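# What the coordinates show
Listed here are the chains, written in short residue letters.
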Amino acid sequence: MRTFITGASSGLGRGLALHYASAGSTVGLCARRADLLAEVARDIEARGARALLYVADVEDTGAMAKNAADFVERAGGADLVVANAGMGIPDGIRKGEAEPIAHLMRVNVIGVTNTVVPFVPTMLAARSGVLAAVSSVAGLRGMPGRAAYSASKAAVITFMEALRMDLQGAGVHAMAICPGFVHTPMTAKLRKMPFVIDADAAVAQMASAIERRDDTFVFPWQVRLLGPVLRHSPEWVVRRFAPPSRAEEGAREELVRTSYSAFTSRPSACSGLTLAVRAATFAFNESSLALVRLASASASVVDVPRPLLKSSRCTR
Ligand SMILES: NC(=O)c1ccc[n+]([C@@H]2O[C@H](COP(=O)([O-])OP(=O)(O)OC[C@H]3O[C@@H](n4cnc5c(N)ncnc54)[C@H](OP(=O)(O)O)[C@@H]3O)[C@@H](O)[C@H]2O)c1
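Summarised in this report is the structure supplied together with it.

Calculation rules
All residue numbers refer to positions counted from 1 along the written sequence of the respective chain. Only residues with pLDDT of 70 or above have their local features reported here, since the model is predicted, and side-chain atom pairs are shown and tallied only from 80 upward, although totals for entire chains, interfaces and linings are computed over all residues. Comment: elements are numbered from the N terminus, with helices defined as DSSP H or I runs of at least four residues and strands as E runs of at least two. Each residue is classified by how many other C-beta atoms fall within 10 Å of its C-beta atom, where C-beta atoms are placed from the backbone; a count of 20 or more means buried, 12 or fewer means exposed, and values in between mean partly exposed. Distance between backbone-placed C-beta atoms decides contact: two residues are in contact if it is within 7 Å. The criterion for a residue being near a molecule or strand is a backbone-placed C-beta atom within 6 Å of that molecule or strand. Linking buried Ala, Val, Leu, Ile, Met, Phe, Trp, Tyr and Cys residues through C-beta atoms within 7 Å yields a set, and such a set is a nonpolar core. A pair of strands is labelled paired if DSSP reports no fewer than 2 bridges between them. Every angle, taken between N-to-C directions, lies between 0 and 180 degrees, and every axis is a line fitted to C-alpha atoms, over only the stretch in contact when it is a helix. Seen with the strands pointing away from the viewer, any crossover whose path from the first strand over the helix to the second strand runs clockwise is right-handed. Here the angle decides the label: under 35 degrees means roughly parallel, over 145 means roughly antiparallel, 65 to 115 means roughly perpendicular, and every other value means oblique. Rotating anticlockwise by less than a right angle from the far helix to the near helix defines a left-handed crossing, while the corresponding clockwise rotation defines a right-handed one. When residue character is reported, Ala, Val, Leu, Ile, Met, Phe, Trp, Tyr, Cys and Pro are called nonpolar, Asp, Glu, Lys and Arg charged, and the others, Gly included, polar.

This paragraph deals with the overall build of the chain. Looking only at helices and strands, the chain features twelve helices and nine strands. Burial statistics for the chain: of 316 residues in total, 32% are counted as buried. In the chain, the share of contacts with a sequence separation of at least 24, taken over all contacts with a separation of at least 6, comes to 67%.

Now for the site of the ligand. Among the 28 residues in the neighbourhood of the ligand, the closest are listed as Gly7, Gly11, Arg32, Arg33 and Gly86. The element contributing the most residues to the shell around the ligand is helix α1 (residues 11-19), with three residues.

Another point: the nonpolar core. Counting 67 residues, the largest nonpolar core has Ala17 and Leu29 as its most contacted members. Counting residues per element, this core draws most heavily on helix α6 (residues 147-167), which supplies seven residues.

A few words on the sheet that holds strand β2 (residues 26-31). Reading across from one edge, β3-β2-β1-β4-β5-β6-β9 is the order of the seven strands in this open sheet, with parallel pairing throughout. Strand pairing shows two members of the sheet lacking a second neighbour, β3 (50-55) and β9 (216-219), which therefore form its edges. Taking each pair of neighbouring strands and ignoring which way they run, the sheet shows an average axis angle of 15 degrees. Relative to strand β5 (residues 129-134), strand β4 (residues 80-83) runs parallel, the two sharing four bridges. Bridge pairing in β5 links Val82 to Ala132.

We now examine the pairing of strand β6 (residues 172-179). Counting buried positions over the eight residues of β6 gives eight, a clear majority of the element. Residues of β6 alternate between two faces, with Val172, Ala174, Ala176 and Cys178 on one and His173, Met175, Ile177 and Pro179 on the opposite face, all of them buried. A crossover links β5 with its parallel partner β6, the connecting element being α6, and its sense is right-handed. Where β6 lies against β9, four bridges are found, and the strand directions are parallel.

Of note, Val72 is situated in helix α3 (residues 61-75). The spatial distance from the C-alpha of Val72 to the C-alpha of Phe119 is 8.1 Å, given a sequence separation of 47 residues. Excluding its chain neighbours within four sequence positions, the residues that come into contact with Val72 are Gly77, Ala78 and Thr122.

For the pair α1 and helix α2 (residues 34-46), the least separation of the axes is 9 Å and the interaxial angle reads 20 degrees. Viewed along their axes, α1 and α2 adopt a mutual orientation that is roughly parallel. Here α1 and α2 pass one another in a crossing that is right-handed. Residue-level inspection shows Arg14, Ala17 and Leu18 of α1 in contact with α2, the latter providing Val40, Asp43 and Ile44. Here the contact of α1 with α2 is built from residues that sort into four nonpolar, no polar and two charged.

A separate point is unusual backbone geometry. Cis geometry marks the peptide bond from Phe219 to Pro220; its omega dihedral reads 0 degrees. For Pro220, the position within the fold is in the loop between β9 and α8 (221-232). In the Ramachandran plot, Phe195 falls in the positive-phi region, its phi being about 60 degrees despite a non-glycine side chain. Checked against the element boundaries, Phe195 lands in the loop between β7 (182-183) and β8 (197-198). Accessibility expressed as a C-beta count within 10 Å gives 13 for Phe195, which makes it partly exposed.

As structure tokens, then:
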């Protein structure tokens, strides 16, 4: 088996690289952090497989084309390509910051096309192969606080869907994989992750979907069941039940951090009082939001007044 994986230095990509490392197999590892790639390569070689290292940024179209050509030459072809490298960012839209979004799009969208497209001619000539791109459940529907990430992952699903139709009958399969929350370095700072699973379980499910040659694979099963509901629900439902965004989690962490450091460095009476008021406001808003969510879940036909929801959210 000859497998090329991007984002192989960490998380799901690292797990997949180890999964496909067995005696006689070749695994191409691509990411920017050379030291981490070297560690993964050592683990792969310990399993009797060959590791080929590509230290590269997936944004770089020319470099990725060269990496694909080198891999095909040294491995003698490619059976599986996994375009897994990806990133998330706190959403800076309200601050008017477009550059972080442009960067995310280059990594999450152009990075995928830079990875899979150069392998197409080789796979077509061999009339076999699987091109798999890692998207996300966030790509099934625009998610509040994750506009750029959702849009990038939706683009990946659509690109792979169209590519699959282009390659129909040629022996080459294109698919998208949409994980829900998985414990990896990318999600290490997120607190609320509904239906979260660990990386090993995720890798096992992703590999099974690749083996089955699924089209668009959504997991875990709870999210797969909720997927159609998520796609067709009115926006107020999505707004209310979407997990907190990175920005919301960041604001929460910042509050906890400043409160802690201020109290432990013998605060003045004034700053202590300020922090106590902020903490009480925070607790009040958190409980209000929880009540709003509970109420809307039990009486879903009644729309909760927007100002109440807004005031709970914007202070988080
Ligand atoms: N964890 C989740 O809950 C979850 C859910 C849905 C979808 N996903 C998707 O799953 C994929 C893997 O994420 P993960 O959770 O395993 O996160 P992770 O541990 O942070 O891994 C991300 C990987 O992408 C690589 N990468 C990032 N930017 C890159 C660039 N410009 N060029 C080359 N490589 C780059 C990183 O390597 P270097 O930093 O060394 O370059 C790293 O190996 C991503 O596409 C992510 O969007 C994850």
